[in-house]
Amino acid sequence: MLHRVNTCLHLQPFPDGGGTLAQTTRETSFIDKMKKTGKNIVVFYGSQTGTAEEFANRLAKDAHRYGMKGMSADPEEYDMSELSRLPEIENSLAIFCMATYGEGDPTDNSQDFYDWLQEGDADFTGVKYTVFALGNKTYEHYNAMGKYVDQRLAELGAQRIFDLGMGDDDGNLEEDFVSWREQFWPAVCEHFGVEATGEESSIRQYELKVHSDLNMNKIYTGELGRLKSFENQKPPFDSKNPFLAPVTVNRKLNKAGDRHLMHLELDITGSKIRYESGDHVAVYPINDSVIVNRIGEVLGVDLDTPLSHVCAVVRITEAVSFMTMLMYLVLADCQYIHNERTNQLCHVIMMSLDQTELDLSDCALYQSWVLDSCRNILAILEDFPSLRPPIDHLCELLPRLQARYYSIASSSKVHPNSIHICAVVVEYKTKTGRVNKGVATNWLKNKMPADNGHKATVPMYIRKSQFRLPFKSSNPVIMIGPGTGIAPFMGFVQERSWLKEQGKEVGETVLYYGCRHKNEDFLYQEELDEFEKTGVLTALNVAFSRDQADKVYVQHLLKKNKEAVWRLVHTDNAHIYICGDARNMARDVQNAFYEIAEELGGLSRAQAVDYIKKLMTKGRYSQDVWS
């Protein structure tokens, strides 16, 4: 199952060998668990996409090479106030792999820990720790969560034994982590007076057991949280208990072109799910069965055979099939192989592959053959018949698919029982001639409403956001969102329209939208034109980047309308919202605001930068961006 557990398979184990889910009380004391299992290192992770969790698992396994024993742990699953008891365990150490989400926010699973750190006054004297932060430099609050945890633990009396590590996903997060790890472990050895044992940490954690007479109704089939949870849905719904929302609308938005941009509507009637404009909807996709079946064919495995993986570490079993495993593991992402180049999956590939055919230890060859050619697991298996790793080992090492997040394209004031999604289907041709498809968007594309009684459903939950309309509806808003970045602003405009209908005073509502061609991918054109016609949208500014010789983008329109923009921002206290690409668009838009502030505000560049930063601090310059 897809919630966070301390296993290599990333699937919830069944404590009894018969394949039923034991209803046991969850242990909340990580100190007691460490004592029972002889662990002295605990690696906590704050993870939104799974990378921080993967790093935590690797660090926990590393401990084996130094005569120590480690465990990875989800702070949401344990009583974190027990951190003060860590000195009860000899030579103990707490490691924190903390990702930053959105605009400097904690991840879902570390929110409670973050709140507790802010409010608490614990005494961590004697606690030894280190932190590795995961973030992206293109975001304003780079590695904010990791920095905060590092600083706050020290303030509460804990002893930092190694410097804060800084991972940048805009550069090379894997290399940042490996470089930090290579310096970290020698420092641990020196601090605790231990030496490397020379033993590899890539030990197998599971052994395979095949079943021939198992009740098929008691086999895990991919539910999150508990067996049969998709059949017996019970609120509250969250990341570990998602709601199966029926798809009521799935339509293509663009009129022409070779891309597929889509609008979906998910029915949340009766779920007690509440959302606000600006929130994100998280969906849990599965792999394309064509890819899964092809892997079974290549490896010569019957994917439907019921089996258990008996864990060599904590002696628990799982009843599942390889088909189910592969449907929920990362198969189509060639980037994952890159991230794991120094880790166990690559070792399995290297051990199984005849090095005379291809030496993947050659970095330049690796770059060109795997990365530049976008080869995923299946492509590598197909191109090299000598590469046939055991499928159970492959499943053990592959990470689970993570939830995908989409900005909600509707307002709950107008659509209380429906959540709208706007997305572009990812599909591209690689240098090998293969067509790679995005897992989530292609999965959503095929979720068509059926009229034969069978409902297409999507496992989902709501991720709260700080991307909010101003508290006072009379405040003007400037919204900037090219492409599918229009999504949250459809919700904003719907809400402003609803407020006007309620007789509320609504300030100017200005939208800057961009697309390639007016007659091809002008998303929601009819709806936006109607909002402008009725006066809900004060101004609709659209940049058609490829309808003329010189490309025109949203930042160009901002500078063209600089007087009106500056009046709204500087005089009328407008709130600015930006949604879309962080690496280029959001940066270029921010530079446009700097230039406007310099020219019309008479500021220097340094003063203009400070001016925009103050708007951010006041909550008047908000971004919902991705890289």
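Bear in mind the structure is a predicted one, so any value in this text is a computation, not a measurement.

### Here's the deal with the overall build of the protein
- The secondary structure content of the protein amounts to 19 helices and 23 strands.
- Expressed as a percentage of the 627 residues in the protein, the buried residues total 56%.
- The long-range fraction of contacts in the protein, counting pairs at least 24 apart against all pairs at least 6 apart in sequence, stands at 77%.

### Notes on helix H19 (residues 605-617)
- Helix length check: H19 (13 residues) gives 18 Å between terminal C-alpha atoms against 18 Å at 1.5 Å per residue, within 8%.
- Looking at the buried side of H19, the elements it contacts are helix H17 (562-571), strand E22 (575-581), helix H18 (582-601) and strand E23 (621-626).
- One or two steps after H19, the chain reaches Gly619, where phi turns positive at roughly 80°.

### Considering the packing of aromatic side chains
- Tallying each qualifying case throughout the model produces 29 aromatic pairs.
- An angle of 80° between the planes, with centres 5.1 Å apart, marks the rings of Phe492 and Tyr577 as edge-to-face. With Phe492 in helix H14 (residues 487-501) and Tyr577 in strand E22, this pair connects stretches of sequence that are 85 residues apart. Of the two residues examined, Phe492 and Tyr577, each falls in the buried class.
- Taken together, the aromatic side chains of Phe55, Tyr66, Phe132, Phe162, Phe177, Trp180, Phe184 and Trp185 make up a single cluster linked through ring pairs.
- Lying over the aromatic face of Trp369, Arg375 brings its terminal NZ or CZ to 4.0 Å of the ring centre.

### So, a negative patch on the surface
- A surface patch of like charges, here negative, comprises Glu526, Asp529, Glu530 and Glu532.
- When you line up the elements, Glu530 lands in helix H15 (residues 525-533).
- Residue class for Glu530 comes out partly exposed when judged on its relative accessible area of 42%.

### Overview of the side chain of Thr441
- Looking at where Thr441 falls in the secondary structure, it is placed in helix H13 (residues 439-445).
- Apart from the residues lying within four places of it in its own chain, the contact partners of Thr441 are Met262, Tyr406, Val424, Val425 and Val426.

### Details of the sheet that holds strand E15 (residues 418-424)
- Spatial strand order, E14-E11-E18-E9-E10-E15: six strands in an open sheet with antiparallel pairing. The open sheet is flanked by strand E14 (404-407) and E15, the only strands paired with a single partner. The average undirected angle you get between the axes of adjacent strands in this sheet is 40°.
- Pairing geometry for strand E11 (residues 280-283) and E14, over four bridges, is antiparallel.

### Structural notes on the pattern of salt bridges
- The final tally for this structure, using the stated rule, is 32 salt bridges.
- Between Glu297 and Arg294 there is a salt bridge, with the nearest N and O atoms lying 3.2 Å from each other. Of this pair, Glu297 and Arg294 are both found in helix H6 (residues 289-299), three residues apart, which corresponds to roughly one turn of the helix.
- Via salt bridges that share partners, Arg294, Glu297, Arg375, Glu382, Asp383 and Arg434 belong to a single interconnected network.

### Some words on the pairing of strand E2 (residues 70-73)
- Burial along E2 is two-sided: Gly70 and Ser72 facing one way and Met71 and Ala73 facing the other are all buried.
- Relative to E2, strand E1 (residues 41-46) runs parallel, the two sharing four bridges. Opposite Ile41, over in E2, you have Gly70 as the bridge partner.
- Handedness of the crossover joining E1 and E2 through helix H2 (residues 51-62): right-handed.

### Comments concerning the sheet that holds strand E20 (residues 509-515)
- With parallel pairing, the five strands of this open sheet are ordered in space as E21-E20-E19-E22-E23. Whereas interior strands pair on both sides, the edge strands pair on one side only; in this sheet they are strand E21 (539-544) and E23. Ignoring which end each strand starts from, the neighbouring axes of this sheet average 10° apart.
- Bridge count between E20 and E21: six bridges; the pairing is parallel. Within E21, the position partnered with Tyr512 by the bridge is Asn541.

### As for the packing of helix H3 (residues 111-119) against helix H4 (residues 144-155)
- Orientation of H3 relative to H4, taken along the N-to-C sense of each, is 40°, at an axis distance of 11 Å. The pairing of H3 with H4 is recorded here as oblique in orientation. For the element pair H3 and H4, the recorded crossing hand is left-handed. Each of Phe113, Tyr114, Leu117 and Gln118 in H3 lies in contact with H4, whose residues at this interface are Met145, Tyr148, Val149, Arg152 and Leu153.
- Looking at side-chain class alone, the contact of H3 with H4 contains seven nonpolar, one polar and one charged residues.

### Overview of the confidence of the model for the protein
- The predicted model of the protein has a mean per-residue pLDDT of 87, with 86% of residues at 70 or higher.
- Segment residues 1-25 is flagged for pLDDT under 50; beyond a separation of four residues in sequence, or across chains, it makes 88 contacts in the model.

### A closer look at unusual backbone geometry
- Omega for the bond connecting Pro235 with Pro236 falls within 30 degrees of zero, at 0°, which places this linkage in the cis form.
- For Pro236, the location among the structural elements is in the loop between strand E8 (206-210) and strand E9 (243-252).
- Its identity as a non-glycine residue notwithstanding, Asn143 has a phi of 55°, on the positive side.
- By the element assignment, Asn143 lies in the loop between strand E5 (128-135) and H4.
- For Asn143, a relative accessible area of 0% gives the class buried.
- Non-glycine residue Lys272 carries a positive phi angle of around 65°.
- Within the element layout of this structure, Lys272 appears in the loop between strand E10 (261-267) and E11.
- Looking at Lys272, the relative accessible area reads 65%, which means it is exposed.

What counts and how
- Residues numbered from 1 in each chain as written.
- Predicted model: local features only at pLDDT ≥ 70, side-chain atom pairs only at ≥ 80, totals over all residues.
- Heavy atoms only, no water.
- Helix = DSSP H or I, 4+ residues; strand = E, 2+ residues; numbered from the N terminus.
- Buried < 20%, exposed > 50% of the residue type's maximum accessible area, 1.4 Å probe, protein only.
- Contact = heavy atoms within 4.5 Å.
- Expected span 1.5 Å × (residues − 1).
- Phe/Tyr/Trp six-rings, centres within 6.5 Å; stacked < 30°, edge-to-face > 60°.
- Lys NZ or Arg CZ within 6 Å of the ring centre and 35° of its normal.
- Patch = residues over 30% accessible without salt bridge, like charges linked within 9 Å, V, L, I, M, F, W, Y side chains within 5 Å.
- Areas by Shrake-Rupley, 256 points an atom, 1.4 Å probe, with all protein chains shown as cover.
- Salt bridge = Lys/Arg side-chain N within 4 Å of Asp/Glu carboxyl O.
- Lys, Arg positive; Asp, Glu negative; His and termini not counted.
- Charge placed at Lys NZ, Arg CZ, Asp CG, Glu CD.
- Pairing = 2+ DSSP bridges.
- Axes fitted to C-alpha atoms, helices over the stretch in contact; angles between N-to-C directions.
- Right-handed = clockwise from strand over helix to strand, strands pointing away.
- Parallel < 35°, antiparallel > 145°, perpendicular 65-115°, else oblique.
- Left-handed = near helix turned anticlockwise from the far one by under 90°.
- Nonpolar A, V, L, I, M, F, W, Y, C, P; charged D, E, K, R; others polar.
- pLDDT = per-residue confidence, 0-100.

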